[in-house]
Structure formats: structure tokens, C-alpha cells
Amino acid sequence: LMYGSEIIIKNKDQVEDDEGIPVTLNHALALVHVKAKATTPGVVSIKSMTLKDTPANADLTVNYDTGSPSWIDNSPQQKLDLTIFKTTTTIDPALITDSFVQLGNEVLVIPGQSQTSFTIVYTLAGLATELTAELSLNTAGLPIWEPGKKYVYNITFGVEEIKFVPVVEEWGTGVVAGGEN
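Residues numbered from 1 in each chain as written. Predicted model: local features only at pLDDT ≥ 70, side-chain atom pairs only at ≥ 80, totals over all residues. Heavy atoms only, no water.

Section: the packing of aromatic side chains
Within this structure, the stated rule accounts for three aromatic pairs. Aromatic rings pair up to connect Phe 118, Tyr 153 and Phe 164 into one cluster. (Phe/Tyr/Trp six-rings, centres within 6.5 Å; stacked < 30°, edge-to-face > 60°.)

Remarks on the pattern of salt bridges
In this structure the tally under the stated criterion is five salt bridges. Across the pair Asp 81 and Lys 52 runs a salt bridge, and its minimum N-O distance is 3.2 Å. A residue pair is termed long-range when its members are at least 10 positions apart, and Asp 81 in strand E7 (residues 79-86) and Lys 52 in strand E4 (residues 44-55) qualify at 29 residues. Among the ionic pairs, Glu 106 bridges to Lys 150, the shortest N-O distance being 3.4 Å. Within this pair, whereas Glu 106 is found in the loop between strand E8 (101-102) and strand E9 (107-109), its partner Lys 150 is found in strand E12 (residues 149-157), the two being separated by 44 residues in sequence. Classification of Glu 106 by relative accessible area gives partly exposed; the value is 35%. (Salt bridge = Lys/Arg side-chain N within 4 Å of Asp/Glu carboxyl O. Helix = DSSP H or I, 4+ residues; strand = E, 2+ residues; numbered from the N terminus. Buried < 20%, exposed > 50% of the residue type's maximum accessible area, 1.4 Å probe, protein only.)

This is the structure in C-alpha cells:
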């Protein structure tokens, strides 16, 4: 979902018909991307990862004076669980190495979050029991999702702990002039 900049033409005669009017397009949603690594390669197998309790329904309003969008959650009681990664078998433990690799798919989310968290189901080498970890994104100091931003969550799995560090990047804009992409 994208929104365009406001188009203001003070004198319509100044624009030639074949020139077109440049319009800046901006992302109205946020993008979540997850990468994973292990402190000890080959020890962790991940079965699934879910982004839980994301906003399900919201209205977008754009303030063209400031150029900034805002979202209003229409139904705070209604939330979505978004699957980042899921398999019927575990990932080959060799894939979770000591270097970050992309885990699953990127997901689009409505900016802002209330009680959002990652739920990860995984196993450790030598253990038959599946383990579940809940990583809250509402911890003090973590960024709130904003429109047009990409949030890369770098998750490090250890035998005794899981750590994650968010990195915020600009997601980008596009300029369309005269109907061209």
C-alpha cells in the first residue's frame, strides 16, 4: 500500500500535457524481516516463527501539510498472527550457523504495535522436546513500527538464551512521472 504526495499546480498553463506531473510514492506500511544465527552452529533447529497479535484493521490518514501518514486501529481487540516461517520438519541444523541467514518470508504490517511478539518453536541438538520462546517487541527501547521503514530483527540463538536486535532501515520511495515507473 502506497500513498502519493499532494499535487499542487499554481498555474495549470505552466505544465505541458506531454511532460506529466512527478508524484512521489511512499510506503504506508512497515516491513518486517527476520534473520537468525546460532552461537554454536548446528545446535538449533527452528520449526516455526510467528509474529503474534499484529493489528488487523486500521484506517490510513495522510496529512499533506506535513507529508506524514498516520494509522488508527479500528478494532484493537482484533489481531492477526502472521507466519514468518513454518515447516513440517525442522530446518537442517547446519543452516543455523554463526552467520545471519534470512528466516522465512518478509511480512507487511500496519505501523504501530501494541502487544506484538515473536513466538518461536525450536529444538536443541540432543533434545527430543520442542521448546517455545516468546520475544516481546514491546520492551522499552525497541522501535515502534513506522510507515515506510524496514525492520530487520537479527535473532541469535544460544543454548541458554535467545537475543534479538532490531535494525531500522529506510524502505524506499518511488517517483512516477508521466505514467512511467
